[in-house]
Amino acid sequence: MSKPVPPTADALRASRPHLIYGGVEIGLSIVVAVATWSAWHNPWATFLWTLLWLPVSHAIGLAAGFVMAAQGDPAPERRTSAGTNVAVWVYECAASILLLDLYQPWFSTATLPAPGGPARPVAVLLLHGYGCNRAFWLRFSRHLADAGYHSDAINLAPLLGDIDDYAETIAEAVQALAERTRAPVVIVGHSMGGLAARACLRRYPTLPVVHTVTLGSPHFGTLHARHGIGRNVRQMGIGSEWLVALASSEKDSERARITSIYTAHDNVVYPVRTSILPGARNIAIEGLGHVSLGTHPRSRALVLETLERVAQGLRHGA
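Residues numbered from 1 in each chain as written. Predicted model: local features only at pLDDT ≥ 70, side-chain atom pairs only at ≥ 80, totals over all residues. Heavy atoms only, no water.

### Details of the overall build of the chain
Point 1. Broken down by element type, the chain carries ten helices and six strands.
Point 2. Its C-alpha atoms give the chain a radius of gyration of 20 Å, near enough to 20 Å, the size a compact globule of 318 residues would have.
Point 3. In terms of overall dimensions, the chain has C-alpha extents of about 70 × 45 × 35 Å along its principal axes.
Point 4. The buried share of the chain, reckoned over its 318 residues, is 50%.
Point 5. About 14,600 Å² of surface is accessible on the chain, with carbon and sulfur atoms providing 63% of the total.
Point 6. Seen as two clouds, the 26 positive and the 22 negative side-chain charges of the chain have centres 2 Å apart. (Helix = DSSP H or I, 4+ residues; strand = E, 2+ residues; numbered from the N terminus. Rg over C-alpha atoms; globule rule 2.2 N^0.38 Å. Buried < 20%, exposed > 50% of the residue type's maximum accessible area, 1.4 Å probe, protein only. Areas by Shrake-Rupley, 256 points an atom, 1.4 Å probe, with all protein chains shown as cover. Lys, Arg positive; Asp, Glu negative; His and termini not counted. Charge placed at Lys NZ, Arg CZ, Asp CG, Glu CD.)

Structure follows, in structure tokens:
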């Protein structure tokens with residue numbers, strides 16, 4: 001069994017693809033400003049369109065995603081009132097615009113807050129999903145710190161690479177966090193991050209990881225993978241050989257140390273049943289979108305409850 005090399009700073013470097021995305025955001029905003037001013041010569045219209053074109057575009061794209069998810073997965077648990085659907089969409093818009101359009105382009109090297117309060121017996125490693133970077137966890141990490149948990153978040157690169165290739169980076173981060181805090185690690189992975197955690201533990205089964213929490217992870221794939229690019233997206237297709245091999249490699253005892261938290265209204269991972277991992281502890285939430293799992297108080301509370309449950313098990317020698 002190969003061993004990971006000593007930790008490096010690679011996983012904490014600025015995410016170049018997201019810096020480029022941020023540059024495109026600025027460039028397009030300038031284009032919108034010039035076009036609006038040329039058309040109307042109205043400073044207020046120019047200001048509003050320059051400010052709002054990106055969130056409006058993002059909101060329209062998310063609405064289309066929710067429609068595709070509803071059409072691709074007509075499960076009974078998805079059926080809610082129009083008002084609930086709008087509320088889910090609005091919160092998902094707010095979460096996505098904040099994390100994906102603001103935090104990720106400009107804060108991928110931000111330092112996570114230090115914990116306060118009494119020391120906790122576990123530390124937390126945060127893994128982002130497809131197309132994201134470690135800044136996805138900035139808000140979440142503040143709540144972990146408030147609860148007394150040490151946490152790290154890393155970038156999984158290359159952005160469109162093989163999920164198996166993230167294993168070494170994750171293993172390095174786990175070892176570094178465990179050595180620094182003198183505590184075992186719980187991995188929390190959003191979406192693809194949950195699969196990357198499982199793939200890492202398949203390759204490095206002796207890492208000091210006592211539990212894995214996945215948020216909206218497509219354990220058996222997602223129909224939405226048809227709309228993405230990259231090797232990692234193909235691996236997340238329903239019935240992919242990679243997912244089958246990953247599932248077949250896991251023992252019951254390993255599955256018992258996984259908690260899968262998922263939402264019945266996921267606009268990226270669907271059908272809903274693909275997030276249910278046999279042998280793991282599966283927890284469903286209603287009324288949240290995919291990115292919302294990384295910010296909403298209800299999903300956050302479930303993660304904190306799981307961390308406390310794991311910590312209690314360690315105290316009692318379970």
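There is more to say after this.
### With respect to the packing of aromatic side chains
Both the distance between ring centres and the angle between the ring planes are used here to describe each pair of aromatic rings.
Point 1. As enumerated under the stated definition, the model contains four aromatic pairs in all.
Point 2. The interplanar angle of 90 degrees and the centroid separation of 6.5 Å between the aromatic rings of W44 and F47 together place this pair among those described as edge-to-face. Here F47 and W44 lie together in helix 2 (residues 43-72), a separation of three residues that amounts to about one turn.
Point 3. Here the aromatic rings of W137 and F140 are separated by 5.3 Å at their centres, their planes lie at 80 degrees, and the arrangement is edge-to-face. Per residue, the accessibility class of W137 equals that of F140, and both read buried. (Phe/Tyr/Trp six-rings, centres within 6.5 Å; stacked < 30°, edge-to-face > 60°.)

### Remarks on the UniProt feature "transmembrane region" (unreviewed entry) in the chain
Point 1. Feature annotation in UniProt places "transmembrane region" (unreviewed entry) on residues 20-40 and 46-69, given in this structure's numbering.
Point 2. Helix makes up 100% of residues 20-40 and strand 0%, and the two end C-alpha atoms of the span are 30 Å apart.
Point 3. Taken end to end, residues 46-69 comprises 100% helix and 0% strand; its first and last C-alpha atoms sit 35 Å apart. (UniProt positions renumbered as here; feature names shortened; annotations may be inferred.)

### Some thoughts on the pairing of strand 4 (residues 209-215)
Moving residue by residue along a regular strand, the side chains alternate between the two faces of the sheet.
Point 1. Burial runs high along strand 4: six of the seven residues are buried.
Point 2. Bridge count for strand 3 (residues 185-190) against strand 4 is six bridges, and the pairing is parallel. Across the sheet, V185 pairs through a bridge with V209, a residue of strand 4.
Point 3. Taken together, strand 3, helix 6 (residues 192-203) and strand 4 form a β-α-β motif whose crossover is right-handed.
Point 4. Note that strand 4 and strand 5 (residues 258-263) share four bridges and pair parallel. Of the residues in strand 5, the one forming a bridge with T214 is S260. (Pairing = 2+ DSSP bridges. Right-handed = clockwise from strand over helix to strand, strands pointing away.)

### Some words on the pairing of strand 5
Point 1. With six of six residues buried, strand 5 lies mostly within the body of the structure.
Point 2. Burial along strand 5 is two-sided: the residues I258, S260 and Y262 and T259, I261 and T263 are all buried.
Point 3. Here five bridges tie strand 5 to strand 6 (residues 281-285), and the two strands are oriented parallel to one another. Across the sheet, the residue bridging to Y262 is A284, located in strand 6.

### Section: unusual backbone geometry
Residues apart from glycine generally show negative phi values, whereas peptide bonds are mostly found in trans.
Point 1. A cis geometry characterises the amide bond from A157 onward to P158, with omega recorded as 0 degrees.
Point 2. With respect to the secondary-structure elements, P158 resides in the loop between strand 2 (151-154) and helix 5 (167-181).
Point 3. With an omega of 0 degrees, the peptide bond between Y270 and P271 qualifies as cis.
Point 4. Position of P271 among the secondary structure elements: in the loop between strand 5 and strand 6.
Point 5. Even without glycine at this site, H41 takes up a positive phi of about 50 degrees.
Point 6. Its location among the elements puts H41 in the loop between helix 1 (16-40) and helix 2.
Point 7. Overall, the relative accessible area of 53% leaves H41 in the exposed class.
Point 8. Positive phi, normally seen in glycine, also occurs at R182, with a value near 55 degrees.
Point 9. Within the fold, R182 resides in the loop between helix 5 and strand 3.

### Description of the layout of surface pockets
Any empty space left between the atoms is revealed when a probe the size of a water molecule rolls over them.
Point 1. In this model, the largest pocket occupies a volume close to 930 Å³.
Point 2. Along the walls of the largest pocket sit 35 residues, with L100, Y130, G131, H224 and V268 positioned nearest its centre.
Point 3. For the lining of the largest pocket, the elements supplying multiple residues, two or more each, are helix 1, helix 2 and helix 3 (82-106).
Point 4. Considering only residue class, the lining of the largest pocket consists of 16 nonpolar, 17 polar and two charged. (1 Å grid on protein atoms, 1.4 Å probe; cavity = no way out; pocket = protein on both sides within 12 Å on 5 of 7 lines; lining within 4 Å. Points joined across faces, edges and corners; volume = space filled by probe spheres on them. Nonpolar A, V, L, I, M, F, W, Y, C, P; charged D, E, K, R; others polar.)

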